[in-house]
Amino acid sequence: MNNTHDLHDKRLADAWATLQSHADHGLPLDPDPSRIAFADPEFLLRRETRGIRMQLELMKPDIEQRAHGIENTVVVFGSARFRSEEDAAAMIAQAEASGDAAASERWRRLARNSHYYEKARAFGKLVAQYSNDKEPQDKLFICTGGGPGIMQAANRGAHEGGGVSVGLAIALPMEEEANPYVTPALSFKFHYFAIRKMHFMMRAKALVAFPGGFGTLDELFEVITLVQTKKSKPVPIVLFGSDYWKKLIDFDFLVDEGVISPGDVKLFEYVDAPEDAWSAIKRFYKL
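For clarity, every value in this text was computed on a predicted model and none was experimentally measured. (Residues numbered from 1 in each chain as written. Predicted model: local features only at pLDDT ≥ 70, side-chain atom pairs only at ≥ 80, totals over all residues. Heavy atoms only, no water.)

Can you walk me through the packing of helix H8 (residues 193-202) against helix H9 (residues 214-228) in this structure?
Helices that pack against each other are described as a pair by the angle of their axes relative to one another and the distance between those axes. Running from N to C, H8 and H9 cross one another at 55 degrees; their axes reach a closest spacing of 11 Å. When the interaxial angle is binned, H8 and H9 end up oblique. Handedness of the H8/H9 crossing: right-handed. Here Arg-196, Lys-197, Phe-200 and Met-201 of H8 lie close against H9, whose contacting residues are Asp-218, Glu-219, Glu-222, Val-223 and Leu-226. Looking at side-chain class alone, the contact of H8 with H9 contains 4 nonpolar, no polar and 5 charged residues. (Axes fitted to C-alpha atoms, helices over the stretch in contact; angles between N-to-C directions. Helix = DSSP H or I, 4+ residues; strand = E, 2+ residues; numbered from the N terminus. Parallel < 35°, antiparallel > 145°, perpendicular 65-115°, else oblique. Left-handed = near helix turned anticlockwise from the far one by under 90°. Contact = heavy atoms within 4.5 Å. Nonpolar A, V, L, I, M, F, W, Y, C, P; charged D, E, K, R; others polar.)

So what exactly am I meant to see when it comes to the pairing of strand E6 (residues 237-240) here?
Moving residue by residue along a regular strand, the side chains alternate between the two faces of the sheet. Side chains Ile-237 and Leu-239 of E6 all project onto a buried face; the interleaved residues Val-238 and Phe-240 project onto the opposite face, where all are buried too. Summarising the sheet, strand E5 (residues 204-209) and E6 pair through 3 bridges and their orientation is parallel. Within E6, the position partnered with Ala-209 by the bridge is Leu-239. Between the parallel pair E5 and E6, the chain is carried across by H9, and the sense of this crossover is right-handed. In this structure, E6 lies alongside strand E7 (residues 269-271), joined through 3 bridges in parallel fashion. Of the residues in E7, the one forming a bridge with Leu-239 is Tyr-270. (Buried < 20%, exposed > 50% of the residue type's maximum accessible area, 1.4 Å probe, protein only. Pairing = 2+ DSSP bridges. Right-handed = clockwise from strand over helix to strand, strands pointing away.)

What am I meant to see in the sheet that holds strand E1 (residues 73-77) here?
The strands that make up a sheet pair up through hydrogen bonds in the backbone, lying either parallel or antiparallel. What the 7 strands build is an open sheet, ordered E4-E3-E2-E1-E5-E6-E7; its pairing is parallel. Because the sheet does not close on itself, it has two edges, and the strands there are strand E4 (187-190) and E7. With strand direction ignored, the average angle separating the axes of adjacent strands in the sheet is 25 degrees. In this structure, E1 lies alongside strand E2 (residues 141-144), joined through 3 bridges in parallel fashion. Residue pairing for E2: Val-74 is matched across the bridge by Ile-142. Lying on the sheet, H9 is in contact with E1, E5 and E6; it crosses E6 at an angle near 150 degrees.

Honestly, a negative patch on the surface in this entry has me stumped. Any pointers?
A grouping of Asp-243, Asp-272, Glu-275 and Asp-276 is seen on the molecular surface, where their side chains present a negatively charged patch. Relative to the helices and strands, Asp-243 resides in helix H10 (residues 242-248). A relative accessible area of 65% means that Asp-243 is categorised as exposed. (Patch = residues over 30% accessible without salt bridge, like charges linked within 9 Å, V, L, I, M, F, W, Y side chains within 5 Å. Areas by Shrake-Rupley, 256 points an atom, 1.4 Å probe, with all protein chains shown as cover. Salt bridge = Lys/Arg side-chain N within 4 Å of Asp/Glu carboxyl O. Lys, Arg positive; Asp, Glu negative; His and termini not counted. Charge placed at Lys NZ, Arg CZ, Asp CG, Glu CD.)

Looking at this structure, how should I read the pattern of salt bridges?
Where charged atoms from two side chains of opposite charge approach closely, those side chains can pair. Throughout the structure, instances matching the rule amount to 13 salt bridges. For Glu-160, the salt bridge is made with Arg-121, and the minimal N-O distance between the two is 2.8 Å. Of this pair, Glu-160 sits in helix H7 (residues 150-160) while Arg-121 sits in helix H6 (residues 114-131), placing them 39 residues apart in sequence. Take Arg-121: its relative accessible area is 21%, and that puts it in the partly exposed class. Residues joined in a network through salt bridges with shared partners are Asp-62, Arg-66, Glu-71 and Arg-203.

How should the pairing of E4 be read in this particular structure?
By the alternation rule, side chains of E4 split into Phe-188 and Phe-190, which are all buried, and Ser-187 and Lys-189, of which none is buried. As judged from the 4 bridges shared by strand E3 (residues 165-170) and E4, these two strands associate in the parallel manner. Residue Ile-170 lies in a different strand from E4, and its bridge partner there is Phe-190.

Can you walk me through the packing of aromatic side chains in this structure?
Given two aromatic rings, one states the distance between the centres and the angle between the planes to describe the pair. Scanning all chains against the criterion turns up 9 aromatic pairs. With a centroid separation of 5.0 Å and 90 degrees between ring planes, the pair formed by Phe-77 and Phe-200 is classed as edge-to-face. With Phe-77 in strand E1 and Phe-200 in helix H8, the pair connects residues that are 123 residues apart, well separated along the chain. Among the residues examined, Phe-77 registers a relative accessible area of 6% and is labelled buried. Between Tyr-130 and Trp-278 the ring centres are 5.1 Å apart and the planes differ by 65 degrees, which places this aromatic pair in the edge-to-face class. Of this pair, Tyr-130 sits in helix H6 while Trp-278 sits in helix H12 (residues 274-285), placing them 148 residues apart in sequence. Above the face of the Tyr-130 ring, Lys-134 is positioned so that its terminal group lies 4.2 Å from the ring centre. Over the ring of Tyr-270 we find Lys-246, and its NZ or CZ is 4.8 Å from the ring centre. (Phe/Tyr/Trp six-rings, centres within 6.5 Å; stacked < 30°, edge-to-face > 60°. Lys NZ or Arg CZ within 6 Å of the ring centre and 35° of its normal.)

As structure tokens, then:
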């Protein structure tokens, strides 16, 4: 049974025509008691309706993913700034040609990490190839934040492996559009970080964290905390790039200081190759 309504219904069409007219003429969207509530941005964007907006952000991606059979995901985090080896080389050449020494140095620094892009791409391909001939309930799908860098790489690998993948993008000034490798029907955009985080975990069967900055650390510690406190079922948490993570965070120091338990460092493991990351997940689930 189709529960959707005809979006060309005259009432809805009239409501959207009014809004379009306001936009075309640059008119302010003043309160209007006669405007249909669910077609009234002025009403929906009020402080009092924030809860409704959050509920809608929770519902829409959930309904769409269910419709497409997305039940089990492998979430990949990592820097949005890393580029493929090919793109990084091109950006260095462009900066050098323009004589911009600062830009050249910046791209050279980022190029040192291009191998992580290629490894995330290879990992995404491994997951997709595994799932291609599996029954729907046994499939695993790559899920990322939908942006550039490591996120693009994982989505790209899944695409190259013949699979579909999910992108949970966030509305940010520096990331206007999802990367081109996210399956269009599974490309979602969020306003609220909190709701987006819930969606990462709702279907996650594993987390693979590549080197990254504040956003990557935020998501990583969110997942570790949920598993540590048993608010979430245990899942494989894989830190890709052992040198990076061990230099960045001294977990043994946290143990020595007594702020985490010795067993907490067993909640995750380090790997340095796409095959090892995939093996950690297969081992956990006995695939």
